[in-house]
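# Observations on chain architecture
Here is what each chain is made of, one letter per residue.
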Amino acid sequence: MTSETRDPIIRTAPQPRDCNNNGDIFGGWVLSQMDIAGGVLAARRARGRVVTVAVEAMTFHQPIKVGDVVSIYGDIVKVGRTSMHIKLTTIVARKLDPEEITVTEGTYIFVAIDDNGRPREIPTA
Ligand SMILES: CC(C)(COP(=O)(O)OP(=O)(O)OC[C@H]1O[C@@H](n2cnc3c(N)ncnc32)[C@H](O)[C@@H]1OP(=O)(O)O)[C@@H](O)C(=O)NCCC(=O)NCCS
């Protein structure tokens, strides 16, 4: 899975303000970017509002650095009555190196909700 074969849901570039004490990008920053990307995919599939209910199997393989171009790819791996499991993968290209590196993977679970914030059925695809 690379940018040559498919489009990311989002592509972004972290800034120095997103760093932790080690000078790498703060884990919470990438978690929130994955949440945003998964939310886009989930809302499209659910055709409306969704919320994140859980995050599973999160792995940080390598650090993200200032100057990296960060791309987040996603696949809907399971659709339940009101919930969706979305596998998200973060890939970076370092500033001076075109090679793509998988830095994080995780499965985010989203629930389709109605106007009152209660779970609603996901429409058929
Ligand atoms: C998401 C929310 C509406 C679900 O409400 P609920 O009363 O727990 O609803 P249900 O028990 O009917 O569960 C709804 C679906 O979520 C799934 N689910 C609930 N908790 C889950 C968990 N911890 N892990 C995986 N799936 C979960 C259920 O299996 C069900 O899926 P299905 O309908 O496909 O079978 C409610 O928990 C909520 O509002 N949470 C806060 C969401 C939020 O604010 N997210 C942002 C976090 S900062």
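Provided above is the structure to which this section pertains.
Figured I'd write up the structure that's included with this text. Quick caveat, the model's predicted, so the values are computed rather than measured.

On to the site of the ligand. Within the structure, the ligand sits among 14 residues, and Thr52, Arg81, Thr82, Ser83 and Arg118 are positioned closest to it. A distance of 2.8 Å is found between a nitrogen atom of the ligand and a backbone nitrogen or oxygen belonging to Thr52. Contacts to the ligand include Arg118, whose side-chain N or O atom sits 3.0 Å from an oxygen atom. When the ligand is considered free in solution it has 960 Å² of accessible area, and contact with the protein chains removes 46% of it. Looking at the shell around the ligand, the element that brings in the most residues is strand β2 (residues 50-60), giving 4 residues. Classifying every residue of the shell around the ligand by side-chain character gives 7 nonpolar, 5 polar and 2 charged.

Another point: the pairing of strand β4 (residues 83-93). Within β4, 8 of the 11 residues are buried, leaving the element largely enclosed by the surrounding structure. Counting the residues between successive antiparallel strands, the hairpin from strand β3 (residues 69-79) to β4 contains 3 residues. Between β4 and strand β5 (residues 100-112), which pair antiparallel in sequence order, lie 6 residues.

It is worth spelling out helix α1 (residues 27-46) at this point. The end-to-end C-alpha distance of α1 is 28 Å, a good match for the 28 Å that 20 residues give at a rise of 1.5 Å each. Of the positions making up α1, those classed as buried are Trp29, Val30, Gln33, Met34, Ala37, Gly38, Gly39, Leu41, Ala42, Arg45 and Ala46. Close packing links the buried residues of α1 with β1 (10-12), β2, β3, β4 and β5.

Reading the values: rules and limits
- Residues numbered from 1 in each chain as written.
- Predicted model: local features only at pLDDT ≥ 70, side-chain atom pairs only at ≥ 80, totals over all residues.
- Heavy atoms only, no water.
- Near = heavy atom within 4 Å.
- Polar contact = N/O pair within 3.5 Å; in protein donor to acceptor, adjacent residues only side chain to side chain.
- Areas by Shrake-Rupley, 256 points an atom, 1.4 Å probe, with all protein chains shown as cover.
- Helix = DSSP H or I, 4+ residues; strand = E, 2+ residues; numbered from the N terminus.
- Nonpolar A, V, L, I, M, F, W, Y, C, P; charged D, E, K, R; others polar.
- Buried < 20%, exposed > 50% of the residue type's maximum accessible area, 1.4 Å probe, protein only.
- Pairing = 2+ DSSP bridges.
- Expected span 1.5 Å × (residues − 1).
- Contact = heavy atoms within 4.5 Å.

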